[in-house]
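# Breakdown of the fold
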Amino acid sequence: MEQISGVPARAAALALLQAVLWRGEPLDRSIDRAFRKLDAPADRGLARAIVSGVLRHLPDLDALIDGATKKPLPDDARARMVLRMALVQTILLETPPHAVIATALPLLEGGPRRLAHGVLSTLLKQGATLPSPPTLPDMWTVRWGTSWGEDVIAAASVGLGAEPPLDLTLRDAADTAAWVERLGGTSLVPGHVRLARHGRIEELPGFEEGAWWVQDLAASLPARLLAAKAGETVADLCAAPGGKTLQLAAAGAQVIALDISENRIARVRENLERTALSAEVVAADALKWKPPALLDAVLLDAPCSGTGIFRRHPDVLHLKSARQIGELVRMQAALMDHAFDTLKPGGRMLYCVCSLERDEGESQVAAFLSRTPWARVIPVAPDEPPAGIAPNPEGFVRTLPGQLAADGGLDGFFMARIARV
Ligand SMILES: C[S@@+](CC[C@H](N)C(=O)[O-])C[C@H]1O[C@@H](n2cnc3c(N)ncnc32)[C@H](O)[C@@H]1O
């Protein structure tokens, strides 16, 4: 099967989709293994584009396939996956049909090739198209519709249909204008540069010298709101890959960057080295870790559903179940209690999650405040976040699909600042 040119890229895309959609593995964790036999950047790019297209358009692709088969193919049928990939290529990537068919059928060796060929030919003859923007999976339409309403659902669909812009956080906010010009971007707040289009990140000016790091604008807000000062000791308790650690270190704080994952901690070290910033890096469980002395501030970017970052990680929409979210909510509550115990009186905690689930955000903090009488919200003032992002009446910040839409949007986040009295 490896002899036909173009098949290895499709085989790699198939392997990655099977890992994500059948085995529930996050894309980031499976991609290296699935793409290990692809050397050419063009092959990797094609495989990535196919996977991204399938994950962004899954309900619509399945509706097309089901409309063209007498008996629905099982969800986990290889033929269904190969057809999804073939439709992405013909409809979204505009690959000529003969090339799509020639590279799809070898993936079904020993399987229902004739059926797949028939379904694909029928759909191509009908001039099948995909709706724009794509349809969200039902689970999120229901959950986000209940939490945020129809406008957010509509904006989330638009966000899912397009690759988001690339946001960079600058090591030195005073240089914002110079970097905007050098990189050909825009800036929504000092220390931020946004690029609508970009090539390889490593080849952008300033990467080698560590002048910036990749970080969505929403993800940069928690460290901005914690406002660490020079001389303060601050722990970043779930630190890897380190975007927030770098911000805290750039602000001049003594930072302890902690993460439970040895592998991910290596990324924090690399990022610190590249940007020539310093932090004490610790591999430990934040549920057990005790600081040598009580801290001025703690940033808890807790493990969460990741539903707020679906634009760049559309796999989250197919990986998280209500049961898993419930487990994460319990872990976040335990992490918050423990994190708060590491603070000195008068110290502050910034709790955040890249999630669109109220249970992980608003409700999580409400429960924490009701069981922690020595905690007080430090409300975020209206002029603290960038223009277009307003704190809610409780003084928390919630970013949602649709905000700053004209500028390219931002990820969904929740953040709350809480003092120990
Ligand atoms: C949302 S990510 C953090 C992103 C990071 N703050 C940044 O800005 O680059 C959550 C991190 O929590 C870590 N984590 C999960 N459970 C943990 C625990 N019990 N103790 C410490 N870290 C944990 C994960 O390894 C993961 O790196």
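Rules behind the numbers
- Residues numbered from 1 in each chain as written.
- Predicted model: local features only at pLDDT ≥ 70, side-chain atom pairs only at ≥ 80, totals over all residues.
- Heavy atoms only, no water.
- Buried < 20%, exposed > 50% of the residue type's maximum accessible area, 1.4 Å probe, protein only.
- Helix = DSSP H or I, 4+ residues; strand = E, 2+ residues; numbered from the N terminus.
- Arc of directions from axis to C-beta.
- Contact = heavy atoms within 4.5 Å.
- Disulfide = S-S within 2.5 Å.
- Near = heavy atom within 4 Å.
- Polar contact = N/O pair within 3.5 Å; in protein donor to acceptor, adjacent residues only side chain to side chain.
- Areas by Shrake-Rupley, 256 points an atom, 1.4 Å probe, with all protein chains shown as cover.
- Nonpolar A, V, L, I, M, F, W, Y, C, P; charged D, E, K, R; others polar.
- UniProt positions renumbered as here; feature names shortened; annotations may be inferred.
- Phe/Tyr/Trp six-rings, centres within 6.5 Å; stacked < 30°, edge-to-face > 60°.
- Lys NZ or Arg CZ within 6 Å of the ring centre and 35° of its normal.
- Pairing = 2+ DSSP bridges.
- Axes fitted to C-alpha atoms, helices over the stretch in contact; angles between N-to-C directions.
- Core = buried A, V, L, I, M, F, W, Y, C linked by side-chain atoms within 4.5 Å.
- Right-handed = clockwise from strand over helix to strand, strands pointing away.

Attention now goes to helix H9 (residues 176-183). Think of an α-helix as 3.6 residues a turn; residues three or four steps apart then line up on the same face. All of the buried residues along H9 are Thr176, Trp179 and Leu183. The buried side chains of H9 occupy one side of the element, clustering within an arc of 65 degrees when seen end-on. Relative to its buried face, H9 has exposed residues pointing more than 90 degrees away, namely Ala177 and Glu181. Contacts from the buried residues of H9 go to strand E1 (166-170), strand E2 (192-195) and strand E3 (212-214). One or two residues past the end of H9 sits Gly184, with phi positive at roughly 70 degrees.

The next thing to look at is the state of the cysteines. Throughout the structure, instances matching the rule amount to 0 disulfides. Cys238 carries a free sulfur, and the closest cysteine sulfur to it, the one in Cys352, is 9.2 Å from it. For Cys238, a relative accessible area of 17% gives the class buried. Sulfur of Cys304: no disulfide; nearest cysteine sulfur belongs to Cys354 and is 3.5 Å away. Residue Cys304 is classed as buried on the basis of its relative accessible area, which comes to 13%.

Right, let's get into the site of the ligand. Around the ligand sit 17 residues in total, of which Asp259, Arg264, Asp285, Ala286 and Asp301 are the nearest. The separation between an oxygen atom of the ligand and a polar main-chain atom of Pro241 is 3.4 Å. At 2.6 Å, a side-chain N or O of Arg264 approaches an oxygen atom of the ligand. Coverage of the ligand by the protein chains reaches 86% of its 610 Å² of free accessible surface. Taken together, the residues of the shell around the ligand break down into 9 nonpolar, 3 polar and 5 charged.

Mapped onto the present numbering, the UniProt feature "domain: SAM-dependent MTase RsmB/NOP-type" (unreviewed entry) falls at residues 141-421. Along residues 141-421 the backbone is 33% helical and 21% strand, and the end-to-end C-alpha distance reaches 40 Å.

To continue, consider the environment of Leu400. Along the chain, the position of Leu400 falls in the loop between strand E10 (397-399) and strand E11 (413-420). Separated by 213 residues in sequence, Leu400 and Ser187 place their C-alpha atoms 19 Å apart. If near-sequence neighbours (up to four positions away) are discounted, Leu400 is found in contact with Trp148, Val152, Leu356 and Leu410.

Where two aromatic rings form a pair, the distance of their centres and the angle of their planes describe that pair. Per the counting criterion, the structure on display carries 5 aromatic pairs. When the centroid spacing of 5.4 Å and the interplanar angle of 35 degrees are considered together, the rings of Trp140 and Trp144 count as tilted. Taken together, the residues Trp140 and Trp144, both in helix H7 (residues 138-148) and 4 residues apart, mark about one turn of the helix. Across this residue pair, the class does not change: Trp140 and Trp144 are buried. Plain terms: the ring middles of Phe207 and Trp212 are 5.8 Å apart, the flat faces sit at 55 degrees to each other, and that makes the pair tilted. Here Phe207 falls in the buried class, since its relative accessible area comes to 18%. Judged by relative accessible area, Trp212 falls into the buried class, the value being 0%. Positioned above the aromatic ring of Trp212 is the side chain of Arg274, whose terminal nitrogen or guanidinium carbon lies 5.9 Å from the ring centre.

Moving on: the UniProt feature "active site" (unreviewed entry) in the protein chain. As annotated by UniProt and renumbered to match this structure, "active site" (unreviewed entry) occupies Cys354. Note that Cys354 resides in the loop between strand E8 (343-353) and helix H15 (362-371).

A word on the sheet that holds E2. Pairing in this open sheet of 3 strands is antiparallel, and the strands run E2-E1-E3 from one edge to the other. Either end of the sheet is taken by a strand with one partner, and the two such strands are E2 and E3. Neighbour-to-neighbour, the strand axes of the sheet open up by a mean angle of 30 degrees, direction not taken into account. Pairing of E1 with E2, which is carried by 4 bridges, proceeds in the antiparallel orientation. Each residue of the ladder has a partner; that of Asp167, found in E2, is Arg194.

Here we come to the nonpolar core. Judged by nonpolar contacts, the single largest core of 66 residues is most densely connected at Leu237, Trp289, Leu300 and Met349. Residue contributions to this core peak at 7 residues, all from helix H10 (residues 217-226). With residues near it in sequence (within four places) discarded, Leu237 still touches Leu258, Asp259, Ala286, Trp289, Val298, Leu299, Leu300 and Ala339. Of all hydrophobic cores here, the second largest spans 46 residues; its members include Ala12, Leu38, Val51 and Ala86.

Turning our attention to the pairing of strand E5 (residues 254-259). It is a general feature of regular strands that their side chains alternate between the two faces of the sheet. The element E5 is largely enclosed, with a buried count of 5 among its 6 residues. Both strand E4 (residues 233-236) and E5 contribute to a ladder of 4 bridges, which runs parallel. Its bridge partner being in E5, Thr233 is matched across the sheet by Gln254. Pairing of E5 with strand E6 (residues 280-283), which is carried by 4 bridges, proceeds in the parallel orientation. When the bridges of E6 are listed, Ala257 appears paired with Val281. Handedness of the crossover joining E5 and E6 through helix H12 (residues 262-275) is recorded here as right-handed.

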